[in-house]
Amino acid sequence: MNEVSRSRAGRPEDVVADVVADQRPGQGRSTTGDLLRLLEQLSHFDRIGVTRLARHLEVPVPTAYRMLRALVHTGYVEQLPESKEYRLTLKLFELGSRVASRTTLRDLASVEVERLAQQTGLAANVSVLVDADVLYLAQVKTEELLAVNLAPGSRAPATCTAMGKAMLAVEYREVRAVVGPGPYPPRTEHSITTYDALVSELATVQRVGYAVDRQELNLGVWCVAAPVLGLRQTQPAAVSVSACRPQLELAEEQRLGKLVIAAASRIADRLGGLGNMASW
């Protein structure tokens, strides 16, 4: 190691710069993107060794090691002394908590989600649209849906969820610009996979005011959702109820539709009372 490299070795910002500079010319991939992918991969493991992590990332072991070293220096990752494996620290949680402390939509909607769950006896959720996905913000579960992993912070494709379709139906952007032209990957045999079928479904949502997930995300699970109207254009939101059913009768669907529309309207009113400055 030369004197310049030795003098830079202890500085976190320079370690990150070294990782970026290590990218081969013409390699055609983003090292910054690799760093973010590494963080995402680490979130799936309690701990992991550098060789195994490199295989998951499909990068050389030295590259994975340099990225880990950068994240260790900046406090996002720690190396366990006994096994030499790596794991995430709580720094990302701290950052997320700071963002969450500034939110209004999740906090205000949580009150209505709780109320909706009590009214229906069903699991209730609130979400926002992020890219082509539904991002779940808050949830009240029931015992029958404990096995369905829709915890706050999780995502699901907008094309096969009631909340996703509800938000797409009122989205100011053209649908194709949000979810693409299709075909869309199915989650179950009931999932919408074509653009034409999605557009037809959204027209129905616009007409009746609510959307239905007919076992499109999980077999045996039906959802009814309504969009939260009046939010800033950049962040559509929706509220839903979910039930384990072999079939959802039309009368029950319509009853739940009225309830989610009312809940969405109350959330919009609450947000409007804050000057419509809602965020997550």
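Asker: Would you mind going over the sheet that holds strand β7 (residues 221-228) in detail, with residue names and values included?
Answerer: A sheet is described by the order of its strands in space; here 6 strands give the open sequence β5-β4-β3-β8-β7-β6, paired in antiparallel fashion. Both outer strands of the open sheet, β5 (155-157) and β6 (211-214), are each paired with one neighbouring strand and no more. Direction aside, neighbouring strands of the sheet carry axes that sit 30° apart on average. Inspection of the sheet shows strand β3 (residues 123-130) paired to strand β8 (residues 237-244) by 6 bridges, in the antiparallel sense. Residue V126 lies in a different strand from β8, and its bridge partner there is V239. Across the sheet, helix α7 (residues 105-120) is in contact with β3, β4 (133-140) and β8; its angle to β4 comes to roughly 65°.

Asker: How would you explain the packing of helix α4 (residues 50-57) against helix α5 (residues 61-73) if you had to name every residue and give the values?
Answerer: It is at 9 Å that the axes of α4 and α5 come closest, and there the two elements cross at 105°. Taken together, α4 and α5 sit at an angle that is classed as roughly perpendicular. Residues V50, T51, L53, A54 and L57 of α4 touch α5, and the partners they reach there are V61, A64, Y65, M67 and L68. Taken together, the residues that form the contact of α4 with α5 break down as 9 nonpolar, 1 polar and no charged.

Asker: Tell me about the side chain of T120, and please be specific about residues and values.
Answerer: You can see T120 is positioned in helix α7. A distance of 3.1 Å separates a polar atom in the side chain of T120 from the backbone nitrogen of L122. Beyond its immediate chain neighbours, meaning those up to four positions away, T120 contacts V241, L256 and L259.

Asker: Any chance you could break down the pattern of salt bridges for me, citing the residues and the numbers?
Answerer: Counted according to the given criterion, the structure contains 11 salt bridges. Between R173 and E171 there is a salt bridge whose closest N-O contact spans 2.8 Å. Relative accessible area serves as the criterion here: at 34%, R173 is assigned to the partly exposed category. By relative accessible area, which is 9% here, E171 ends up buried. Between R255 and E252 there is a salt bridge, with the nearest N and O atoms lying 3.1 Å from each other. One end of the pair, R255, and the other, E252, are both in helix α11 (residues 250-272), 3 residues apart, so they sit about a helical turn from each other. Looking at R255, the relative accessible area reads 36%, which means it is partly exposed. Members of the salt-bridge network, linked through shared partners, are K165, E201, R214 and E216.

Asker: Let's hear about the nonpolar core: which residues, and what values?
Answerer: Counting 33 residues, the largest nonpolar core has L105, V224 and V241 as its most contacted members. Those elements that provide at least two residues to this core are α7, β3, β4, β7, β8 and α11. If one sorts the elements of this core by residue count, α11 sits on top with 7 residues. Discounting residues that sit within four places of it in the chain, V241 has contacts with L116, T120, L122, A123, A124, W222, C223, V224, L256 and V260.

Asker: Before we move on, could you go through the packing of aromatic side chains and cite the residues and values that matter?
Answerer: Summed over the entire model, instances satisfying the criterion amount to 0 aromatic pairs. Sitting above the plane of the Y76 ring, K91 keeps its charged end 4.5 Å from the centroid. Sitting over the face of the ring of Y195, R176 holds its NZ or CZ atom 3.9 Å from the ring centroid.

What counts and how
- Residues numbered from 1 in each chain as written.
- Predicted model: local features only at pLDDT ≥ 70, side-chain atom pairs only at ≥ 80, totals over all residues.
- Heavy atoms only, no water.
- Pairing = 2+ DSSP bridges.
- Helix = DSSP H or I, 4+ residues; strand = E, 2+ residues; numbered from the N terminus.
- Axes fitted to C-alpha atoms, helices over the stretch in contact; angles between N-to-C directions.
- Contact = heavy atoms within 4.5 Å.
- Parallel < 35°, antiparallel > 145°, perpendicular 65-115°, else oblique.
- Nonpolar A, V, L, I, M, F, W, Y, C, P; charged D, E, K, R; others polar.
- Polar contact = N/O pair within 3.5 Å; in protein donor to acceptor, adjacent residues only side chain to side chain.
- Salt bridge = Lys/Arg side-chain N within 4 Å of Asp/Glu carboxyl O.
- Buried < 20%, exposed > 50% of the residue type's maximum accessible area, 1.4 Å probe, protein only.
- Core = buried A, V, L, I, M, F, W, Y, C linked by side-chain atoms within 4.5 Å.
- Phe/Tyr/Trp six-rings, centres within 6.5 Å; stacked < 30°, edge-to-face > 60°.
- Lys NZ or Arg CZ within 6 Å of the ring centre and 35° of its normal.

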